[in-house]
There are 2 protein chains.
Amino acid sequence: METLIQPRVLKGFRDYLPEAEIPRALLIEKLTAVFRASGFIPIDTPVLEYAEILLRKSGGETEKQVFRFEDNGGRDVALRFDLTVPFARFVAEHKGELYFPFKRYHIAKVWRGEKPQAGRYREFVQCDFDIVGSDSAAADFEILQLMKTSLDAIGVDTCTIKINHRGIFNRFLDRIGMREQSEEVLRAVDRLAKVGEDEVRSQLEALIQDRVSAAAKAQDILDYIRGGDSFEETLSVMERMAGGPSEGAAEDIGRMRKIRAMMEAAGIEQFFVLDPSITRGLDYYTGIVYETFLDELPELGSVCSGGRYDNLAGLYMKERVPGVGSSIGLDRLLAGLETLGGKTEIKSFLDAEIFCLDEELMPCYQKLAVELRREGIACEVFPDPRKISQQYTVAEKKGIPFGILLEKPEAEKNILTLKDLRTRETFEGITPEKAAEKIRAELPITVRPR
Amino acid sequence: METLIQPRVLKGFRDYLPEAEIPRALLIEKLTAVFRASGFIPIDTPVLEYAEILLRKSGGETEKQVFRFEDNGGRDVALRFDLTVPFARFVAEHKGELYFPFKRYHIAKVWRGEKPQAGRYREFVQCDFDIVGSDSAAADFEILQLMKTSLDAIGVDTCTIKINHRGIFNRFLDRIGMREQSEEVLRAVDRLAKVGEDEVRSQLEALIQDRVSAAAKAQDILDYIRGGDSFEETLSVMERMAGGPSEGAAEDIGRMRKIRAMMEAAGIEQFFVLDPSITRGLDYYTGIVYETFLDELPELGSVCSGGRYDNLAGLYMKERVPGVGSSIGLDRLLAGLETLGGKTEIKSFLDAEIFCLDEELMPCYQKLAVELRREGIACEVFPDPRKISQQYTVAEKKGIPFGILLEKPEAEKNILTLKDLRTRETFEGITPEKAAEKIRAELPITVRPR
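Residues numbered from 1 in each chain as written. Chains lettered and ligands numbered in written order. Predicted model: local features only at pLDDT ≥ 70, side-chain atom pairs only at ≥ 80, totals over all residues.

Draft legend 1. Fine view of the overall build of chain A. Looking only at helices and strands, chain A features 17 helices and 16 strands. The buried share among the 450 residues of chain A stands at 46%. For chain A, the proportion of contacts with a sequence separation of at least 24, taken over those separated by at least 6, is 66%. (Helix = DSSP H or I, 4+ residues; strand = E, 2+ residues; numbered from the N terminus. Buried ≥ 20, exposed ≤ 12 C-beta atoms within 10 Å, placed from the backbone. Contact = placed C-beta atoms within 7 Å.)

Right under this line is the structure:
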């Protein structure tokens, strides 16, 4: 006898049992419907790519986290760690086959060998949507609107989308002569919520060589970051502090006003906060940037983030393709929703279980199942002649609302007994059509995910 | 200036552009709906597992094809090469959390480093559905029925599902004293369609030590394999040649009759052929086995195969869990459907494009889009003020049926011009509600995948 292998998954990985996979699948379906209704279409790219393609631009941190190896053909390959880099490669490779503006969504797994921690896994699903080939404010708006519509569609109604503009921030840094330290400034500013204003102030002051102006400049940065009390006021602060004679600044401010006007026209302006402290670390963003926080669970971090980039595929081709996009951290969001208790546990998609009372009648049960499915009822036949109490227990554990009983004398007359397993109410001697009607009446389509 | 990296995918891998990914996504959605309506629920497992878990049972061929490497933590890991082995591990690991009979579907990618050839890739999507924890004929039937329903749902109506029973075949080999060479016999028999009867006969004779009986035994095997002219006749041949006093044989023959009775009750018996030459190489099958061939493209090979196994998770636990399941080679099937020309090319899910005639009106366009979506119309706003002829071209290339034009004087009165981009018919001065009504009337829900 062979020894048994212990069944287990790798550290940082997990199985999705039906009670976890069903909500995830339903979430993905809802998002998919929203994307399609706005003209986004799906693509797919390989999970495995040349390491050179995936890793060229990324810093050391990503490189350490990536699953990278030599394949049987001696190629240096890696599992993708996001959906953006493969998309950039895809756009460069297929630009002649695509129509621009090109709007795609991609919902798929990515892998990062991060230190596993609560709610963080090494394999997780990302959901990206981007518009490439348009530099317009309308495209910026469309992504922001879709973030809101997507989150609505999956029942996340209390969240705040914080937006900012990286280009305007950079011009502000130019004006105060700190553009060269922009990375350090961004890093310091990014920690504002975590470490507080005093800590950030002293970090900023430490960045400034000229001790005379250090306090004033740090204060400027903090003032800029703080903004005003409304979208318009904050934008005015940004305009005043970054504007001046620069053409670009006026244009960018104008773009933010255009986006705001579209939000108002669409009736969604109240869900967006202009927050100059949002910067997104990644340096490929050049325009608008955004992050989304659940109002009841801000500590979860951003569940939907992104921004505008000038030159998505610059590593792979000479043409500049501007784009704007966003990414939902689906598994993180699911974990958040679970914490908030908004989860409805769906353990089955079935409306009815046809119990096996007499194995000889199996052909009758199967015929009945076909008839009921034709009537739109999702049903199954219990395949084994187990004790009826056991069959009930399984049906109840699966959360199936109706049971159907069919015995010999009834079977010949094509009549059955329908039992509501939740209330124990019983309807005897009815036809399959009548049973289907009763089930449909009890279960409005909306509660039955299909 | 950095040198550009050539954008390319690994050998044997491919991108799915929208025109390939949309049909695949729609196929998956249709299959999902069918599975759910019969009580199958989704699970997910990691793409990456311990190599020990994935490879223990597989022979040398699989091992050579698998993507296997040492991860950053020094673990010997591999990408899954099918969905069955991970499912076996899953069942063993979570048996206490599942309700049996447990019916799951799993549609996901698998990887094999096969020699790339036309229509064969190293990354492909499998679609598995299994029932574990029931040894009944009803479960066998349910999988067979679901194969037929699934293929129907995705428009494959001319196919033949060939079924056989490995247990009966083994008993027949027992009777003629060739059970020990069963693997070689299976291998020879498996090539019948490819190399013809004479070649198989001489291969079979070569397997038989006793030269006196060699010809007769080879003939017996060929007779058994040929069967009869109908399900019942073939089953009689099998019964006569494998039956005799053995209890088990009678039971297995009885099971086949039960399955047949259920098929007749469900009205699907004509789609199944009892074919004793179908054996499925894999030695974990112990009962019924099946393969599915497109009638118009048999050379594609089986697009949906599987069978019953006595002991799915035997490598990982002591309890025996019987099961029965099937697997659709989704990408192979898609390639076949494409060859047969049955592909409807869907390049967009949109009903209407709102053209950008005047950038200043962008908020009006966005407001209109919100109104139309509320009316159930999938639409987008063209984000850039490009020449109208260019905007038309993009909309046509995307296959969007309607265009909407809105200029300043109209915009104030909330009336628009609707244009059928296919017929060039134009409706002027209508309200958004009227436009939505016209679009809905032209595009029945059924042709709009959602």
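Draft legend 2. Inspection of unusual backbone geometry at higher detail. A cis amide bond links A:F100 to the next residue, A:P101, at an omega of 0 degrees. Although it is not a glycine, A:N414 sits at a positive phi angle of roughly 55 degrees. Here A:N414 is to be found in the loop between α16 (408-413) and β15 (416-420). The exposure class of A:N414 is partly exposed, given the 14 C-beta atoms found within 10 Å. For B:R424, which is not glycine, the phi dihedral falls at a positive 70 degrees. Relative to the assigned elements, B:R424 resides in the loop between β15 (416-420) and β16 (426-430).

Draft legend 3. Examining the relation of the copies chain A and chain B more closely. Here chain A sits on chain B after a turn of 180 degrees about the axis and a move of 0.0 Å along it, with an RMSD of 0.0 Å. The superposition operator between the copies reduces to a two-fold rotation axis. Relative to the rotation axis, the C-alpha of A:F69 is the closest in chain A, positioned 3.2 Å from it. (Least-squares fit on C-alpha atoms with pLDDT ≥ 70 in both.)

Draft legend 4. Structural context of the environment of A:E251. Residue and element names in this part refer to chain A. Tracing the backbone shows E251 in helix α12 (residues 247-266). Assessed through the 11 C-beta atoms surrounding it within 10 Å, E251 is described here as exposed. In sequence terms E251 and F141 are 110 residues apart; their C-alpha atoms lie 16 Å from each other.

Draft legend 5. Focus on the sheet that holds strand β4 (residues 76-79) of chain B. All names here are of chain B. Reading across the sheet, the 3 strands line up as β2-β4-β3 and stay open at both edges, with antiparallel pairing between neighbours. In the strand order of this sheet, the two ends are held by β2 (48-50) and β3 (68-70), each with one partner. When the angles between neighbouring strand axes are averaged without regard to direction, this sheet yields 35 degrees. Bridge count for β3 against β4 is 3 bridges, and the pairing is antiparallel. Considered in β4, the bridge of R68 is made with A78. (Pairing = 2+ DSSP bridges. Axes fitted to C-alpha atoms, helices over the stretch in contact; angles between N-to-C directions.)

Draft legend 6. Expanded view of the packing of helix α7 (residues 182-190) of chain A against helix α9 (residues 197-207) of chain A. Residues and elements named next belong to chain A. Axis separation between α7 and α9 bottoms out at 9 Å; the angle between their running directions is 170 degrees. The orientation of α7 with respect to α9, classified from their angle, is roughly antiparallel. Between α7, through E184, V185, A188 and V189, and α9, the contact on the second element is made entirely by V200, Q203, L204 and L207. Grouping the constituent residues of the contact of α7 with α9 by class yields 6 nonpolar, 1 polar and 1 charged. (Parallel < 35°, antiparallel > 145°, perpendicular 65-115°, else oblique. Nonpolar A, V, L, I, M, F, W, Y, C, P; charged D, E, K, R; others polar.)

Draft legend 7. Examining the sheet that holds strand β5 (residues 102-111) of chain B more closely. All names here are of chain B. On the basis of which strands lie adjacent, the open sheet formed by 8 strands has the order β1-β5-β6-β11-β10-β9-β7-β8 and mixed pairing. Here the strands that pair on one side only, and so sit at the sheet edges, are β1 (41-42) and β8 (272-274). Examined bridge by bridge, strand β7 (residues 159-165) and strand β9 (residues 285-294) share 7 bridges and lie antiparallel to one another. Residue pairing for β9: I161 is matched across the bridge by T292. Helix α6 (residues 166-175) contacts β7, β9 and β10 (304-309) of the sheet and is inclined by roughly 115 degrees relative to β9.

Draft legend 8. Highlighting the domain arrangement of chain A. The domain boundaries assigned to chain A delineate domain 1 (8-156 + 295-346), domain 2 (159-271) and domain 3 (352-447). The centre of domain 1 of chain A, based on its C-alpha atoms, is set 42 Å off from the matching centre of domain 3 of chain A. (Domains from an automatic or database assignment.)

Draft legend 9. A look at the nonpolar core. In terms of nonpolar packing, the biggest core is built from 264 residues, with A:A352, A:I354, A:Y365, B:A352, B:I354 and B:Y365 touching the most fellow members. Contacts of B:I354, omitting those with residues within four sequence positions, involve B:Y365, B:L368, B:A369, B:C379, B:E380, B:V381, B:F382, B:I404 and B:L406. (Core = buried A, V, L, I, M, F, W, Y, C linked by C-beta atoms within 7 Å.)

Draft legend 10. Local environment of the environment of B:A266. Examined against the element boundaries, B:A266 turns out to sit in helix α12 (residues 247-266). Looking at B:A266, the number of C-beta atoms within 10 Å reads 21, which means it is buried. For B:A266 and B:Q145, which are 121 residues apart along the polypeptide, the C-alpha to C-alpha distance reads 8.4 Å. Ignoring sequence-local partners within four residues, the contact set of B:A266 consists of A:Q366, A:K367, A:V370 and B:Q145.

Draft legend 11. Structural detail: the pairing of β9(B). All names here are of chain B. With 9 of 10 residues buried, β9 lies mostly within the body of the structure. As paired strands, β9 and β10 are joined by 3 bridges and run antiparallel to one another. When the sheet's bridge partners are listed, Y285 is paired in β10 with Y309.

Draft legend 12. The confidence of the model for chain A, seen in detail. Residues and elements named next belong to chain A. On average, chain A scores 91 in pLDDT, and the residues at 70 or more come to 95%. Contacts for the low-pLDDT stretch residues 446-450, under 50 throughout, to residues beyond four places or in other chains number 7 contacts. Per the prediction output, this complex has pTM 0.93; the corresponding ipTM is 0.93. (pLDDT = per-residue confidence, 0-100.)

Draft legend 13. Focus on the environment of A:G167. Residue and element names in this part refer to chain A. In this structure, G167 sits in helix α6 (residues 166-175). For G167, a count of 22 C-beta atoms within 10 Å corresponds to the buried category. Residues G167 and P409 lie 242 residues apart in sequence; the distance between their C-alpha atoms is 79 Å.

Draft legend 14. Highlighting the packing of α12(A) against helix α14 (residues 362-374) of chain B. Taken N-terminus to C-terminus, the directions of α12(A) and α14(B) make an angle of 35 degrees; their axes are 8 Å apart at the nearest point. Note that α12(A) runs across α14(B); the crossing there is right-handed. Contacts from A:K258, A:A261, A:M262, A:A265 and A:A266 in α12(A) reach B:M362, B:P363, B:C364, B:Q366, B:K367 and B:V370 in α14(B). (Left-handed = near helix turned anticlockwise from the far one by under 90°.)

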